[in-house]
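# Observations on the three-dimensional arrangement
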Amino acid sequence: MLTVLKITNEKSCGISRRLLSILKPYQIKTEIRKCGDVEINYIDYILRRGNIKYDKLYNCCIGKRKTILCDKKISLEGSRLKRFTGINFKKIMLDNFICDILKKADIEPTKIKISYYDPNAENPALAEDLLSYCTDLTVVSDMPRFYENESERIAEKCGAIFTVSNDISALCQCDILIAPTIIKKALPTVSSNIIFTVCPPSAPVSGNIITDYYCELPRKYIPFVDDTLDGMYLLAGLYSLCGINSLASLIPHSCGGSGIKYTTDEIVRIIKNKYQ
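Source: prediction; values computed, not measured.

Compared with the 21 Å implied by 1.5 Å per residue over 15 residues, the 21 Å span of helix 5 (residues 144–158) between its first and last C-alpha is a close match. For helix 5, the set of buried residues is Tyr147, Glu150, Ser151 and Ile154. Along helix 5, the residues classed as buried sweep out an arc of 105° about the axis, all on the same side. Of the exposed residues in helix 5, those oriented more than 90 degrees away from the buried face are Arg145 and Glu156.

We now examine the environment of glycine 256. As for its position among the elements, glycine 256 is in strand 13 (residues 254–257). Residues glycine 256 and asparagine 9, 247 residues apart in the sequence, show an inter-C-alpha distance of 30 Å. Ignoring sequence-local partners within four residues, the contact set of glycine 256 consists of Ile210, Thr211, Asp212, Tyr214 and Lys261.

This brings us to the pattern of salt bridges. Going through the model one piece at a time under the given rule, you end up with 10 salt bridges. Between arginine 153 and glutamate 128 there is a salt bridge, with its nearest N and O atoms 2.9 Å apart. Of the two residues, arginine 153 is situated in helix 5 and glutamate 128 in helix 4 (residues 124–130); the sequence distance between them amounts to 25 residues. For arginine 153, a relative accessible area of 36% puts it in the partly exposed group. Its salt-bridge partner being arginine 145, residue glutamate 148 comes within 3.1 Å of it at the nearest N-O pair. Within this pair, glutamate 148 and its partner arginine 145 are both found in helix 5, separated by three residues, close to a single helical turn. Here glutamate 148 falls in the partly exposed class, since its relative accessible area comes to 33%.

Rules of the game
Residues numbered from 1 in each chain as written. Predicted model: local features only at pLDDT ≥ 70, side-chain atom pairs only at ≥ 80, totals over all residues. Heavy atoms only, no water. Helix = DSSP H or I, 4+ residues; strand = E, 2+ residues; numbered from the N terminus. Expected span 1.5 Å × (residues − 1). Buried < 20%, exposed > 50% of the residue type's maximum accessible area, 1.4 Å probe, protein only. Arc of directions from axis to C-beta. Contact = heavy atoms within 4.5 Å. Salt bridge = Lys/Arg side-chain N within 4 Å of Asp/Glu carboxyl O.

And the structure:
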């Protein structure tokens, strides 16, 4: 079961509202919605006065997961609840999207230069997948020995190799940078680089930065989506918290970041233009 939290602010200066806020400073409404084998516990915390009473929210989650879906603006600090980030599912969507657009771009592998930034060696599988589309791949990691072993393994398996470095400056020799992690260090990129990652960088990074990937929502999950719950966030919750593993095969139809959105065809065109 998923738990979704919404905070409705009803603080007001009207006399009737003030009186209600004194008598009833908050109200909690809950609703269970079902779709097949999936249940979602919707909690609407109506705040009229004072601060959120997290112990009351926690009581609504007894017997349920304490990792909940909610807006990033809702602070759960000091509570026994944790906000679900959905980052792992986004990494999978990044992987699927990258492989799809590189296949559609159909660029001669010897022409394309890709850098792969994976500081903690958390996503080695994508590095191997990229070798199907690129012969000039540089992997930068704080765990170079791990990736050196990976490079040797892949070379024995299929003859393909990639360059390994623990020097961030090695990232600059590329057209496309892929970072399936939160970028916490300033990177030596330029405005012409296309950067595929999973969150807005927390350090200075130049380039066309893509952070979001959008799929068509399976019809049976559409009733779950409303102004409280974004479709991709819902899919992430269903995959990670409800074990709907089939969602990992979805291929995004578009991507975006910093208020800009691209269809698959548009981003393929941008990549192909680099090699014309």
